[in-house]
Number of protein chains: 2
Amino acid sequence: MTSVNRQIRLAQRPVGRPDESTWDLTEEPIPTPGDGEFVVTVDYVSLDPAMRGWLNDARSYVPPVGIGEVMRAHAVGRVLESRHPDYAVGEVVSGSFGVTEHAISDGSGVQKVDESIAPAPTWLGALGFPGLTAYFGLMDVGKLAEGDTVVISGAAGAVGSIAGQIAKAKGATVIGIAGGPEKCAWLTEELGFDAAIDYKNESVYKGLKAAAPKGIDVYFDNVGGEILDAALSRLRKGARVVLCGAISGYNATEPQPGPAHYLSLLINRASMTGFIIFDYLDRYQEGIDALSELLTSGKMTAREQIEIGGITAFGSTLNLLFDGANTGKLVLEVGERTHDSEL
Amino acid sequence: MTSVNRQIRLAQRPVGRPDESTWDLTEEPIPTPGDGEFVVTVDYVSLDPAMRGWLNDARSYVPPVGIGEVMRAHAVGRVLESRHPDYAVGEVVSGSFGVTEHAISDGSGVQKVDESIAPAPTWLGALGFPGLTAYFGLMDVGKLAEGDTVVISGAAGAVGSIAGQIAKAKGATVIGIAGGPEKCAWLTEELGFDAAIDYKNESVYKGLKAAAPKGIDVYFDNVGGEILDAALSRLRKGARVVLCGAISGYNATEPQPGPAHYLSLLINRASMTGFIIFDYLDRYQEGIDALSELLTSGKMTAREQIEIGGITAFGSTLNLLFDGANTGKLVLEVGERTHDSEL
């Protein structure tokens, strides 16, 4: 086993799309745990659209990643060495370990991963923050009710694909908006969405009019931009717009226009509400229980797109999100995973 | 007494700002009430920004006014002749009588006006729909809490001036945005607002930063446009944006840009919610009681700007709203009010 630990650090803040100049690859010895600490060998790093926001030097819901700091990332790994009473060597855990091959932790924000429910990468997707985001966004912010017509943008992504399946399981009519015929076919043929709109090849406005002739009760937005605007123009009375993300504008270098049809909120007595999953910390277990139940009962399919190449592939893998080149949860495999028996 | 009844009817839908070509003056005999009906002599017609929306041939919360129809308007008048058991000649009533000198009614949507609480025109303002809009918008939609920092645009208008005074009475810090030093002085010196920002002469963004350094808990929006955008950029965590109107864009002939800073809702876990006062029908009395109590206890000042000239002045008076040329509730006096003793 090598004693070298490699990390991806923020070299400079990107203007627009991140590129090679954004990241630095650094090396240092694998850390040694102090009392009450343990070291994790990272197996899978989560790639999330929200990461783009963390690169900006702007006031937000978390501080930006500092220049020279290891890139913040959620990850799953195994305990390599432990001086913490609650974490034994070989246990599989998830946490905000960063884009690194090994991380040191005192257990803050760390969850134990139950691979009997689902494989480790799923705990970064359907049973991780994307799943929780879909669940609380739809149920709590979106106040989903049986019979609602639910529209989801970024529907083939990590959050959208789970949100749509939750909505279906709760008795809603579900319309997904995604880019390209393959993604759309996946939504309707494999995930059970009632309809899918391919925004790259058809008018979203017309697609919504056709698929949701009575209008939209819940719009779960992951993309912003023109798709948000089209959805606003098709709201029903009392609709709830859930603001989860706005990936269409994350790499923009010019100010992006706001949703011109926002007054549809007024006419339709509707609401548009933002949320951050971290605020639901004390309800995570409720969400994980509900998502696990959907998954193990077969009502929900979890899909991860696992990219290989190790942490040096982090930058190019992250950009897949902005190219719409992922289906399901995008994960980067870090190194080659050691079998438990070899530990 | 003349037997001629004059009305203002919609001649054609305006493109942009309404003008003389928008309206027709028509004459017909004063109607005769059938069984269960009564005729009202209109004394005061309410002028409201929402009227502009009713002129557009667009799906909204009420049907548009039809070409050739009497212009829809709330009004106060006296019962001239009655074959309705609940309405006696001489009683003062409010209702959607339209821009007309006399109206026939079966009592639908009609309220009796208690002039012992406030003079008749006040029942079109502080104790009418503007007051109710301010009350339910702030309390129910805005979920006003003691200690909140509340910002109100169109603050010297019919709704804004009442909303600000309610917020003050409930223990909030209140900042008004209005056009011109006179309106701003009225807000701070007479209505007790904590601060006022003159959008015609200073940066709203900087004004908000100075007057609400910790950010905004409730933003009550009557204007839309750049002022809404500035307020969005200064929200606090958990803020509520109440969409009441957007007068800045009502006469626009080009699509208006949406609020570019809408993602502040996401970062701040905030909401933006539209409402229509008609949905609160079954709670009107609660609102009127609360507003009457504020008014009679001296915690609230009602101000009406009463324009004269009769119904032929309707078009020019309506445009005062779009010029920002009114302070408080804009009312048109129709004819010369007859004293009760002369009925």
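Remember, it's a predicted structure, so these values are computed and weren't measured experimentally.

Residue and element names in this part refer to chain A. Taken as a whole and judged by the stated rule, the model has 0 disulfides over all chains. Cysteine Cys184 shares no disulfide, and the gap to the nearest cysteine sulfur, in Cys244, comes to 19 Å. Residue classification places Cys184 among the buried residues on the basis of a relative accessible area of 10%.

Moving on, we get to the sheet that holds strand E9 (residues 173-178) of chain B. Read from one edge to the other, the open sheet built from 12 strands follows the order E10(A)-E9(A)-E8(A)-E11(A)-E12(A)-E13(A)-E13(B)-E12(B)-E11(B)-E8(B)-E9(B)-E10(B), with strand pairing classed as mixed. Across the chains shown, the open sheet's two edge strands, defined by having one partner strand only, are strand E10 (195-198) of chain A together with strand E10 (195-198) of chain B. In this sheet, adjacent strand axes meet at a mean angle of 15° when their direction is disregarded. Relative to strand E13 (residues 271-274) of chain B, strand E13 (residues 271-274) of chain A runs antiparallel, the two sharing 3 bridges. The partner of Met272 of chain A across the bridge, within E13 of chain B, is Met272 of chain B. Sheet contacts for helix H4 (residues 181-190) of chain B: E9 and E10 of chain B; angle to E10 of chain B, the most-contacted strand, approximately 170°. Across the face of the sheet, helix H5 (residues 204-211) of chain B comes into contact with strand E8 (149-153), E9, E10 and strand E11 (216-221) of chain B while running at roughly 165° to E10 of chain B.

We now examine the interface of chain B and chain A. Note: interface size is frequently given as the accessible area lost on complex formation between the parts. At the interface, 34 residues of chain B touch 34 residues of chain A. Around 2400 Å² of area is buried between chain B and chain A when both sides are counted, 60% of it from carbon and sulfur atoms. Considering only the surface of chain B that becomes buried against chain A, Tyr262, Leu266 and Arg269 of chain B emerge as the three largest contributors, covering 26% of it. Between Lys237 of chain A and Asp279 of chain B there is a salt bridge, with its nearest N and O atoms 3.9 Å apart. Between chain B and chain A we count 5 residue pairs in polar contact (both at pLDDT 80 or more) in total. Counting only elements with at least two residues in the side of chain B that touches chain A, the list comes to helix H6 (225-232), strand E12 (235-243), helix H7 (264-267) and E13 of chain B. When residues in the side of chain B that touches chain A are grouped by element, the largest group, 4 residues, is from E13 of chain B. Of the residues assigned to the side of chain B that touches chain A, the class counts are 18 nonpolar, 11 polar and 5 charged.

A word on the side chain of Thr317 of chain B. All names here are of chain B. Within the secondary structure, Thr317 sits in helix H9 (residues 314-322). Judged by relative accessible area, Thr317 falls into the buried class, the value being 3%. Polar contacts involving the side chain of Thr317 include one to the main-chain carbonyl oxygen of Ala313, which spans 2.6 Å. Non-local contacts of Thr317, meaning those with residues more than four positions away in its chain, are made with Leu47, Glu307, Leu330 and Leu332.

Here the UniProt feature "domain: Enoyl reductase (ER)" (unreviewed entry) sits at residues 16-332 of chain A. Summarising residues 16-332 of chain A: 26% helix, 24% strand, and an end-to-end C-alpha distance of 22 Å.

Once chain B is rotated about the relating axis by 180° and shifted along it by 0.0 Å, it coincides with chain A to within an RMSD of 0.0 Å. Within this description, the copies of the chain are treated as partners about a two-fold rotation axis. Across chain B, the smallest distance between a C-alpha and the rotation axis is recorded for Gly258 of chain B, namely 2.1 Å. Taken as a fraction of all interface residues of chain B, those also at the interface in chain A reach 100%, which identifies the copy contact as same-surface.

Residue and element names in this part refer to chain B. Taking 1.5 Å of rise per residue, the 13 residues of helix H2 (residues 129-141) would be expected to cover 18 Å, yet its terminal C-alpha atoms sit only 16 Å apart, more than 12% below that figure. With 10 of 13 residues buried, H2 is to be regarded as a mostly interior element. Among the residues of H2, those classed as buried are Pro130, Gly131, Leu132, Thr133, Ala134, Tyr135, Phe136, Gly137, Leu138 and Val141. Lys143 occupies a position one or two residues after H2 and carries a positive phi of about 45°.

The next thing to look at is the pattern of salt bridges. All names here are of chain A. Counting across every chain of the model gives 28 salt bridges over all chains. When the shortest N-O distance is used, the salt bridge between Glu28 and Arg9 registers 3.2 Å. One end of the pair, Glu28, is in strand E2 (residues 23-29); the other, Arg9, is in strand E1 (residues 4-10), and 19 residues separate them in sequence. For Arg9, a relative accessible area of 18% puts it in the buried group. For Lys168, the salt bridge goes to Asp194, with nearest N and O atoms at 2.9 Å. Of this pair, Lys168 sits in helix H3 (residues 158-169) while Asp194 sits in the loop between helix H4 (181-190) and E10; the two residues are 26 residues apart in sequence, bridging distant segments of the chain. Residue classification places Lys168 among the partly exposed residues on the basis of a relative accessible area of 28%. Through salt bridges with shared partners, one network takes in Asp140, Arg283 and Glu286.

Evaluation of the coordinates by the stated rule reveals 16 aromatic pairs over all chains. Taking 5.0 Å as the distance between ring centres and 80° as the angle between the ring planes, the aromatic pair formed by Tyr135 of chain A and Phe136 of chain A counts as edge-to-face. With a centroid separation of 5.1 Å and an interplanar angle of 80°, the aromatic rings of Trp23 of chain B and Phe314 of chain B are classed as edge-to-face. Here Trp23 of chain B, found in strand E2 (residues 23-29), pairs with Phe314 of chain B, found in helix H9; they are 291 residues apart in sequence, far enough to count as distant. Residues Trp23 of chain B and Phe314 of chain B agree in their burial class; the two are buried. Three or more aromatic residues joined by ring pairs form one cluster here, namely Tyr61, Phe129, Phe278 and Tyr284 of chain A.

Right, let's get into the pairing of strand E8 (residues 149-153) of chain A. All names here are of chain A. Judged by how many residues are buried, E8 sits mostly within the fold: 5 of 5 residues are covered. Every second residue of E8 is oriented toward a common face, with Thr149, Val151 and Ser153 on one face and Val150 and Ile152 on the other, all of them buried. Both E8 and strand E9 (residues 173-178) contribute to a ladder of 5 bridges, which runs parallel. Paired with Ser153 across the strands is Ile177, a residue of E9. As for the winding sense of the linkage, the β-α-β connection from E8 through H3 to E9 is right-handed.

Here the focus is unusual backbone geometry. Residue and element names in this part refer to chain B. Positive phi, normally seen in glycine, also occurs at Lys143, with a value near 45°. Residue placement: Lys143 occurs in the loop between H2 and E8. Overall, Lys143 belongs to the exposed group, its relative accessible area being 54%.

Here we take up the environment of Leu55 of chain B. Residues and elements named next belong to chain B. Mapping Leu55 onto the fold places it in the loop between helix H1 (50-54) and strand E4 (75-82). Since its relative accessible area comes to 0%, Leu55 is described here as buried. For the pair Leu55 and Leu281, spaced 226 residues apart in sequence, the C-alpha separation works out to 24 Å. Excluding anything up to four places from it in sequence, Leu55 contacts Leu10, Arg13, Pro14, Pro18, Trp23 and Met71.

Residues and elements named next belong to chain A. By domain assignment, chain A separates into domain 1 (4-125 + 302-333) and domain 2 (129-278). Its C-alpha centre places domain 1 at a distance of 28 Å from the equivalent point of domain 2. Across the boundary between the two partners, domain 1 contributes 22 residues, which contact 16 residues of domain 2. In total, about 1500 Å² of surface goes out of reach between domain 1 and domain 2, with carbon and sulfur atoms giving 65% of it. The three residues of domain 1 that bury the most area against domain 2 are Tyr61, Gly125 and Thr327, which together make up 23% of that side's buried surface. The tally of links between domain 1 and domain 2 comes to 0 salt bridges. For the pair domain 1 and domain 2, the interface holds 5 residue pairs in polar contact (both at pLDDT 80 or more). Looking at the side of domain 1 that touches domain 2 residue by residue, the classes come out as 9 nonpolar, 7 polar and 6 charged.

About the cut-offs
Residues numbered from 1 in each chain as written. Chains lettered and ligands numbered in written order. Predicted model: local features only at pLDDT ≥ 70, side-chain atom pairs only at ≥ 80, totals over all residues. Heavy atoms only, no water. Disulfide = S-S within 2.5 Å. Buried < 20%, exposed > 50% of the residue type's maximum accessible area, 1.4 Å probe, protein only. Pairing = 2+ DSSP bridges. Helix = DSSP H or I, 4+ residues; strand = E, 2+ residues; numbered from the N terminus. Axes fitted to C-alpha atoms, helices over the stretch in contact; angles between N-to-C directions. Contact = heavy atoms within 4.5 Å. Buried area = accessible area lost by both parts, 1.4 Å probe. Salt bridge = Lys/Arg side-chain N within 4 Å of Asp/Glu carboxyl O. Polar contact = N/O pair within 3.5 Å; in protein donor to acceptor, adjacent residues only side chain to side chain. Nonpolar A, V, L, I, M, F, W, Y, C, P; charged D, E, K, R; others polar. UniProt positions renumbered as here; feature names shortened; annotations may be inferred. Least-squares fit on C-alpha atoms with pLDDT ≥ 70 in both. Expected span 1.5 Å × (residues − 1). Phe/Tyr/Trp six-rings, centres within 6.5 Å; stacked < 30°, edge-to-face > 60°. Right-handed = clockwise from strand over helix to strand, strands pointing away. Domains from an automatic or database assignment.

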